[in-house]
Amino acid sequence: MLKNLISFKKIPLSNSLLENKNENINYYDLNISFDDDTKLVSVVDNVNPEELFPDDYVYDSSQSTTMVNHFKDCAEYLQKRFIPYNTLEIGSNSGIFIRHFNPDTTIAVEPCSNFADITNDMEYKTYDSFWSTHLAKYIRLTHGTMDLIFSANTISHIQGLDECLTNVKKCLNEDGVFVVECPSFLELLRENAFDQFYHEHQSYFSMISFRNLLEKNGLKLFDIELVPVHGGTYRFFACRQDSSIDVNHNNINKWETEEKEFGVDSYNKLKDRMSIMKKNMIDIKETLQKIKSENKNIIGYGASAKFIQVSNMCDLNNNLISYVMDTTPDKQNKYTPKSRIPIEKYDKNKLKNVDYCFLGAWNFLDEIVEKEKEFISNGGKFITHIPKVEIIDK
Ligand code: SAM
Ligand code: TMP
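Residues numbered from 1 in each chain as written. Chains lettered and ligands numbered in written order. Predicted model: local features only at pLDDT ≥ 70, side-chain atom pairs only at ≥ 80, totals over all residues. Heavy atoms only, no water.

**Remarks on the packing of helix α5 (residues 161-170) against helix α7 (residues 207-216)**
So, step 1. Close contact between α5 and α7 brings their axes to 9 Å; oriented N to C, the two are set at 65°. Seen along the crossing, α5 lies across α7 with a hand that is right-handed. Packed against α5, whose contacting residues are L161, D162 and L165, the element α7 presents L213, L214 and K216 at the interface.
So, step 2. Its residues placed into classes, the contact of α5 with α7 shows four nonpolar, no polar and two charged. (Axes fitted to C-alpha atoms, helices over the stretch in contact; angles between N-to-C directions. Helix = DSSP H or I, 4+ residues; strand = E, 2+ residues; numbered from the N terminus. Left-handed = near helix turned anticlockwise from the far one by under 90°. Contact = heavy atoms within 4.5 Å. Nonpolar A, V, L, I, M, F, W, Y, C, P; charged D, E, K, R; others polar.)

**Looking at the pattern of salt bridges**
So, step 1. Inspection of the entire model under this criterion finds 20 salt bridges.
So, step 2. Note that R190 is salt-bridged to E187, the shortest N-O span being 2.6 Å. Of this pair, R190 and E187 both sit in helix α6 (residues 185-190), separated by three residues, roughly a single helical turn.
So, step 3. Assessed through its relative accessible area of 31%, R190 is described here as partly exposed.
So, step 4. Overall, the relative accessible area of 10% leaves E187 in the buried class.
So, step 5. Across the pair E256 and K260 runs a salt bridge whose closest N-O atoms are separated by 3.1 Å. Here the residue E256 and the residue K260 both occupy positions in helix α8 (residues 249-262), the gap between them amounting to four residues, near one helical turn. (Salt bridge = Lys/Arg side-chain N within 4 Å of Asp/Glu carboxyl O. Buried < 20%, exposed > 50% of the residue type's maximum accessible area, 1.4 Å probe, protein only.)

Encoded structure:
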């Protein structure tokens, strides 16, 4: 049975940036629910995937040095640990992960044609489609079953998880491995990261819920790691239920205990957590209003999907945040949906006239603070809202 955890009214899609300030946009309610059976927390309101992931989709993970390094390390680690002959990636984006694999034995699935074109040009056969029963059948027939199926920050974006996982199983070798990276729901709760709730993020996996879903669909979890990207990401290792791969019970039991102590499988405890997040939303707006009342200026740093969510969930606009700077060319000279904050090209010089930067890309805090040492030494301050509102001035 589904039980409501938290709801937001009239939320635009977080990557639907506006070309013009006054452009009309579609709004959707965002209702997050808890499933008593699988313990999965997910979005109830389904938005058409074609609208979520259009052919000019703007999220490009290669824009961040942290993510470039992360996927290089991850690819090397998986090659060393599993020595795969053939590999399939689901949700390959601009090729940040597969670029470390041999194009002759690696294929990819990426529905956004702007990105599928990039990896096809790099000689990786990329299917410009959503992962589906039809495509899985075609891939199995054409390329055979896989030693490694990898998917980062994508399985959590897919509606219809039972079909998705069953298709993974069908494309996996008997001892093949399915490695999934997705933000950890346990860490989201620890960080009070309410801005991770958005329509693209269909599901919020705890180890407990993901293990339940795998088991429902003929797969089993054999190991898990926590990696320090996107505010805390789980790396799940799964295989077919009939595989001879050993299960790391000690590690899995340790995470299960930790998750249960935190209450990720308890509706009542999760409701308490949601109340803390709602209080943080109020604190954010009050802090920005106070800074503005002292005649200081504030800009945003990083027009991430999270920034767009926080701006709308906390009812912020360009009276409070003059503009937001971002390094992604496709985001520049556009506006955030609903909050209608201008997105400007990143320019270090602009920081000379800025008092406060509100960190939209709080998950890259260390990288950004290191990059902007001069801004801070000249008296500039960062504002983060994760896990609670805080001013960073050193
Ligand atoms: N894997 C990259 C990373 O971790 O940085 C990109 C993650 S991005 C948030 C999600 C990617 O998954 C997008 O490039 C999107 O187009 C793709 N995607 C979304 N739904 C998908 C589906 N049903 N099948 C395959 N890919 C999908
Ligand atoms: P993400 O958290 O969804 O990866 O988005 C982070 C956004 O922040 C992305 O649009 C790129 C942007 N960004 C900058 O503008 N400057 C930076 O130094 C970093 C790390 C990210």
